Amino acid sequence: MWVGHAMTQAASPTRGRLLPFALHDAAANMATDEAIAEAVALKDVAPTLRFYGWSRPTLSLGYFQSLNDATPWSDPTGCVASKADGTLSGIVDDGRVDIVRRSTGGGAILHHFELTYSLSLPLSDTGPGARECVYQTVHQCVIESLADVGVAAMPYRDTTAAAEKLSRDAVSDSNTGLRSKRDEPFLCFQRRTDEDLICGGYKIAGSAQRRVRGGVLQHGSLLLRVSRHAPSLPGINELSSVAIEPHEIEASIAAKVGTAMGIDWQSGDLTDSELTASKRIRQQRYAAAEWTGRR
Amino acid sequence: MSRDTTKLRYAETHEWVDVTQDDGIATIGISKFAIEALNDLVYMDLPEVGRTLKVGDEFGEVESVKAVSPLYSPVSGEVVEVHSDLPDNLEGLNDDPYDFGWIVKVKLDGDLPDTLMDYAAYEKQCSEAG
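Residues numbered from 1 in each chain as written. Chains lettered and ligands numbered in written order. Predicted model: local features only at pLDDT ≥ 70, side-chain atom pairs only at ≥ 80, totals over all residues. Heavy atoms only, no water.

- An unreviewed UniProt entry lists chain B under the name Glycine cleavage system H protein, from Aporhodopirellula rubra.
- Its UniProt record gives chain B a comment under Subunit (unreviewed entry), which states: "The glycine cleavage system is composed of four proteins: P, T, L and H."
- Regarding chain B, the UniProt comment filed under Sequence similarities (unreviewed entry) reads as follows: "Belongs to the GcvH family." (UniProt positions renumbered as here; feature names shortened; annotations may be inferred.)

Some details on the packing of helix 1 (residues 26–41) of chain A against helix 7 (residues 272–286) of chain A
Residues and elements named next belong to chain A.
Part 1 of the reasoning: Two elements in contact, helix 1 and helix 7, have axes whose closest approach is 8 Å; the angle formed by their N-to-C orientations is 125°. By the angle class used here, helix 1 and helix 7 are oblique. Crossing of helix 1 against helix 7: the hand is right-handed. On helix 7, the residues that touch Ala27, Ala28, Met30, Ala31, Thr32, Glu34, Ala35, Ile36, Glu38 and Ala39 of helix 1 are Glu274, Ala277, Ser278, Arg280, Ile281, Arg282, Arg285 and Tyr286.
Part 2 of the reasoning: Residue classes in the contact of helix 1 with helix 7 are distributed as 10 nonpolar, 2 polar and 6 charged. (Axes fitted to C-alpha atoms, helices over the stretch in contact; angles between N-to-C directions. Helix = DSSP H or I, 4+ residues; strand = E, 2+ residues; numbered from the N terminus. Parallel < 35°, antiparallel > 145°, perpendicular 65-115°, else oblique. Left-handed = near helix turned anticlockwise from the far one by under 90°. Contact = heavy atoms within 4.5 Å. Nonpolar A, V, L, I, M, F, W, Y, C, P; charged D, E, K, R; others polar.)

Some remarks on the nonpolar core
Part 1 of the reasoning: Grouped together as the largest cluster of nonpolar side chains are 38 residues, with contacts concentrated most on Phe51, Leu119, Leu146 and Leu222 of chain A.
Part 2 of the reasoning: Looking at this core, the elements with two or more residues in it are strand 3 (48–54), strand 7 (114–122), helix 2 (132–148), strand 9 (197–199), strand 10 (202–212), strand 11 (215–223), helix 6 (250–261) and strand 12 (263–267) of chain A.
Part 3 of the reasoning: Looking at which element gives the most residues to this core, the answer is helix 2 of chain A, with 6 residues.
Part 4 of the reasoning: Sequence-distant contacts of leucine 119 of chain A, defined by excluding residues within four places in its chain, comprise Thr48, Leu49, Val134, Val138, Val216, Leu217, Gln218, Met261 and Trp265 of chain A.
Part 5 of the reasoning: Ala11, Leu93, Val104 and Val106 of chain B belong to the second-largest nonpolar core, a separate cluster that totals 24 residues. (Core = buried A, V, L, I, M, F, W, Y, C linked by side-chain atoms within 4.5 Å. Buried < 20%, exposed > 50% of the residue type's maximum accessible area, 1.4 Å probe, protein only.)

Quick notes on the pattern of salt bridges
Part 1 of the reasoning: Under the counting rule described, the total for this entry stands at 20 salt bridges over all chains.
Part 2 of the reasoning: For lysine 203 of chain A, the salt bridge identified is with aspartate 196 of chain A, shortest N-O distance 2.9 Å. Taken individually, lysine 203 of chain A and aspartate 196 of chain A each receive the classification buried, so the pair is uniform in this respect.
Part 3 of the reasoning: Two residues, lysine 124 of chain B and glutamate 128 of chain B, come together in a salt bridge whose shortest N-O distance is 2.8 Å. Here glutamate 128 of chain B and lysine 124 of chain B lie together in helix 3 (residues 119–129), a separation of 4 residues that amounts to about one turn.
Part 4 of the reasoning: Connected via shared salt-bridge partners are Arg56, Asp94, Arg96 and Asp98 of chain A. (Salt bridge = Lys/Arg side-chain N within 4 Å of Asp/Glu carboxyl O.)

Quick notes on the layout of surface pockets
Part 1 of the reasoning: Approximately 500 Å³ is the volume attributed to the second largest pocket.
Part 2 of the reasoning: Lining the second largest pocket we find 33 residues, and of these Thr126 of chain A together with Glu12, Thr13, Glu15 and Tyr72 of chain B sit closest to its centre.
Part 3 of the reasoning: Elements supplying a minimum of two residues to the lining of the second largest pocket: strand 10 of chain A together with helix 1 (32–38) and strand 7 (67–72) of chain B.
Part 4 of the reasoning: With 4 residues, the top contributor of residues to the lining of the second largest pocket is strand 7 of chain B.
Part 5 of the reasoning: Considering only residue class, the lining of the second largest pocket consists of 16 nonpolar, 12 polar and 5 charged. (1 Å grid on protein atoms, 1.4 Å probe; cavity = no way out; pocket = protein on both sides within 12 Å on 5 of 7 lines; lining within 4 Å. Points joined across faces, edges and corners; volume = space filled by probe spheres on them.)

What about the packing of aromatic side chains?
Part 1 of the reasoning: As enumerated under the stated definition, the model contains 9 aromatic pairs over all chains in all.
Part 2 of the reasoning: With a centroid separation of 5.1 Å and 5° between ring planes, the pair formed by phenylalanine 64 of chain A and tyrosine 43 of chain B is classed as stacked. Linking phenylalanine 64 of chain A in the loop between strand 4 (58–61) and strand 5 (98–101) with tyrosine 43 of chain B in strand 4 (residues 41–45), this pair reaches from one chain into another.
Part 3 of the reasoning: Note on tyrosine 286 of chain A and tryptophan 291 of chain A: the rings are 5.4 Å apart at their centroids and 75° apart in plane angle, and the pair reads as edge-to-face. Of the two residues examined, tyrosine 286 of chain A and tryptophan 291 of chain A, each falls in the buried class.
Part 4 of the reasoning: In textbook terms, an aromatic cluster arises when at least three aromatic residues are bridged by ring pairs, as seen for Tyr63, Phe64, Tyr286 and Trp291 of chain A together with Tyr43 of chain B.
Part 5 of the reasoning: Over the ring of tyrosine 52 of chain A we find arginine 50 of chain A; its NZ or CZ atom is 3.9 Å from the centre of that ring.
Part 6 of the reasoning: One cation-aromatic arrangement involves arginine 295 of chain A over tyrosine 63 of chain A; the distance from NZ or CZ to the ring centre is 4.7 Å. (Phe/Tyr/Trp six-rings, centres within 6.5 Å; stacked < 30°, edge-to-face > 60°. Lys NZ or Arg CZ within 6 Å of the ring centre and 35° of its normal.)

This is how it looks when you write it as structure tokens:
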């Protein structure tokens, strides 16, 4: 369980830090999340929920994915500066796509018209692996926030498609084993896991995690509109005719996550220590070609 | 011959250590409890032979359920052998974590840390974790 979980039944919730939506380049986004996760795990700062976008269209690779598979997008810089005004209209799209390698698992994501979040929590136990309850809690909150603006979404595990797949797998071993797991589609939004959110038959949200010593970092993406760089992946706007800007839904998601997890979010800023760490991590990892091309 | 899990030492972070050969080499893997918690391993990274580790250093990483988790070294020393077939045979790690599933061998630098648990203490930790 995460450190504050035991307090969810208590009268006073745990204090948390909320960092509102802003656009940044790929390397800055990833370095900032890692710096936050480390500081949260050390309990130097409160549990943190951060919303953000990408100042240029960006393909983020899952930690274990091969850069060779990203050839169709092919510009592994990850750190091109651009002007950004804090809304999706501030994204600079000159036809190129930055590439960055995440620290979290899962498949590649084309970030363009998207609400991305990172949630950093301290953990009180040493057990390895995913904290699936964090996936479930955040995604349930996203479902409820979407419902408030007239968008119907559900976890993949509750869909007819999932039930049919389960039935097929029960009579065949074709989808079991390591090879089949690794042969999943390159793009995360073409994959399906139980907690992914589905709207109109398409995946519109997914999350992945990184365990750090004493904590967990969860990344997640909510696909608001289709990108010309991944035209086969419709977003909420195409699937439901509801146009959502990040600032129209981030507060609702934060409030619901806060209630569900017993966290009282208060708007904050990065500490000087986090800013310093972020700059270091950016140079050492996410803006470094060696990191992006390590597989 | 199967490894006797009651003779192994265990780290709080669920790595097991076998020093029963008394040759100064520690064989290291991850426990059945950890593998069940990881659930559905897909990828694993191993360290390079020759790398020097200190207690608590990250010596590898695994991915399961879209979560990347580090593996922590329970001992200090030099990596002298890695189980290079393991990342492509993770089903074998699931099935047999204490024999086929060994991950690295480390030439010990000094004594084993006092923080390593015996089997009974580790079982207690796991039962308390639920």
